[in-house]
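# Coordinates in review
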Amino acid sequence: MFDFFKKKEDKSGENLPEQEKAQEEKKNIFSLTFESLKKTIANTSQSLVGNVIQHVEQEEEFDEFILDDMEELLIKADLGVNTASSIVDKLRKQNNMKPSQVRSYLQDEFASILNAAGSNILNYKENELNIYFIVGVNGAGKTTLIGKLAHRFKQSGKRVLVAAGDTFRAAAEEQLNIWSERAGADIVRNDGADPASVVFDAIKKAKSENYDVILVDTAGRLQNKYNLMQELSKIKSVIDKNAPESLRESILVLDANTGQNGLSQAKVFTECVNLTCVALTKLDGSAKGGIIIAIAKEMNLPVKLIGVGEKMEDLKDFDSDDFVKALFA
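Residues numbered from 1 in each chain as written. Predicted model: local features only at pLDDT ≥ 70, side-chain atom pairs only at ≥ 80, totals over all residues. Heavy atoms only, no water.

### Topic: the environment of K90
What counts here: Helix and strand definitions follow DSSP, with helices as H or I runs of at least four residues and strands as E runs of at least two, each counted in order from the N terminus. Only protein chains enter the accessibility calculation, which uses a 1.4 Å probe; a residue is then buried when its area is under 20% of its type maximum, exposed when over 50%, and partly exposed in between. In what follows, a contact means two residues having at least one pair of non-hydrogen atoms within 4.5 Å.
Along the polypeptide, K90 turns up in helix α5 (residues 81-92). For K90, a relative accessible area of 41% gives the class partly exposed. Through-space distance from the C-alpha of K90 to that of E109 is 9.7 Å; in sequence the pair is 19 residues apart. Those residues in contact with K90 that sit more than four places away from it in its chain are Y105 and E109.

Encoded structure:
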């Protein structure tokens with residue numbers, strides 16, 4: 001959620017003049033309605049909440065068998081072993097808790113975990129250069145996310161420059177070029193060149209030509225972690241040296257369908273880059289959205305963007321309060 005996409009207090013819009021209503025509609029194009037969010041995470045809701053509640057809440061008292069079953073169901077719902085164990089261990093210590101209260105208990109726990117990870121609002125500063133460092137494994141949806149994020153900034157009237165920093169993967173630059181053209185963004189690319197040099201050129205161009213945003217694409221080769229770490233660290237050094245005050249976010253892109261594997265990916269990229277948040281792609285239809293809570297608990301990283309479809313407008317703001325309410329709706 002960008003500051004300039006925030007909703008007004010009068011959410012109904014009934015008292016707004018026509019011109020303001022039109023502006024409000026444009027602002028909200030990147031926000032999911034509550035009903036749309038419920039549909040998007042319906043499979044996750046059943047896996048993470050429905051199955052657990054159906055199994056537990058009819059029991060009269062908690063015992064070790066029920067608690068163990070509950071923990072296993074949470075783990076299967078991609079909440080992660082450590083997070084599931086933490087939630088159930090806390091429940092073990094609450095002697096007065098009844099199984100009929102498990103719904104409200106889980107709702108409070110999920111909300112607490114997500115809120116503790118930090119704000120869901122994507123950092124942006126007006127009248128300054130804003131750099132977004134995008135990382136993730138190949139196939140997670142980095143290129144698509146960059147195109148949609150570029151479109152989002154363009155829709156708000158910003159000048160956007162894409163730095164094609166994945167110079168190793170075949171056709172990566174060409175794919176990024178296509179998405180940049182769709183979004184109306186400019187691109188700096190130098191096929192086969194050192195990725196850090198591409199980012200250096202992008203920063204130089206952005207500063208001299210007054211761009212508002214740079215979106216930095218990167219490689220995602222986990223097969224050779226050492227090379228990946230070296231490459232990402234070198235890019236980060238270029239940013240730190242040439243525009244340290246401009247780095248707004250280091251965003252990890254995760255495919256929602258990877259489930260608990262997303263945790264291991266997050267740990268690898270945390271070693272490479274000081275991550276600030278997560279963008280979760282392909283959330284629509286996935287039953288593995290519980291990874292959002294696991295990432296928040298174990299990595300202390302908030303989700304700020306979610307992908308819910310193929311259209312340019314289908315990169316949406318993430319709201320943790322709405323997410324938890326929708327899980328239990």
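That shown, we press on.
### A few points about empty space enclosed by the protein
In plain terms, the rule: The pocket and cavity definitions rest on a 1 Å grid over protein atoms only: a 1.4 Å probe that fits but cannot leave marks a cavity, an open set with protein on both sides within 12 Å along at least five of seven lines marks a pocket, and residues lining either have an atom within 4 Å of a point. Grid points are joined across faces, edges and corners, and a volume is the space filled by probe spheres set on the points.
One pass over the full model with this rule turns up one cavity of 30 Å³ or more. Taken together, L114, A117, G118, N120, I292, A296, L301, P302, V303, F318 and S320 make up the full set of residues lining the largest cavity.

### Notes on helix α6 (residues 102-116)
Condition: Multiplying one less than the number of residues by 1.5 Å gives the expected span of a helix. This arc describes the spread of directions from the helix axis toward the C-beta atoms.
Taking 1.5 Å per residue, 15 residues should reach 21 Å; α6 reaches 21 Å between its end C-alpha atoms and fits that length. Taken together, the buried positions of α6 are V102, Y105, L106, E109, F110, I113 and L114. Seen along its axis, α6 keeps its buried residues to an arc of 150 degrees; they face one direction. Buried-residue contacts for α6 involve α3 (42-56), α4 (64-76), α5, α12 (291-299) and α13 (320-328). In the segment just after α6, G118 is the residue with positive phi, at about 120 degrees.

### Considerations on the packing of aromatic side chains
Note the cut-off: Paired rings are identified among Phe, Tyr and Trp, the last through its six-membered ring, by centres lying within 6.5 Å, and are further divided according to the angle between planes into stacked (under 30 degrees), edge-to-face (over 60) and tilted (the rest).
Scanning the model with the defined rule gives four aromatic pairs in all. Aromatic side chains Y132 and F153 sit 5.4 Å apart centroid to centroid with 35 degrees between the ring planes, which places their arrangement in the tilted category. Within this pair, whereas Y132 is found in strand β1 (residues 130-135), its partner F153 is found in helix α7 (residues 142-155), the two being separated by 21 residues in sequence. In this pair, the class of Y132 matches that of F153, namely buried. A centroid spacing of 5.3 Å and a plane angle of 55 degrees characterise the contact between F318 and F323, whose relative ring orientation is tilted.

Bear in mind that shape data such as this cannot, by itself, settle questions of function.
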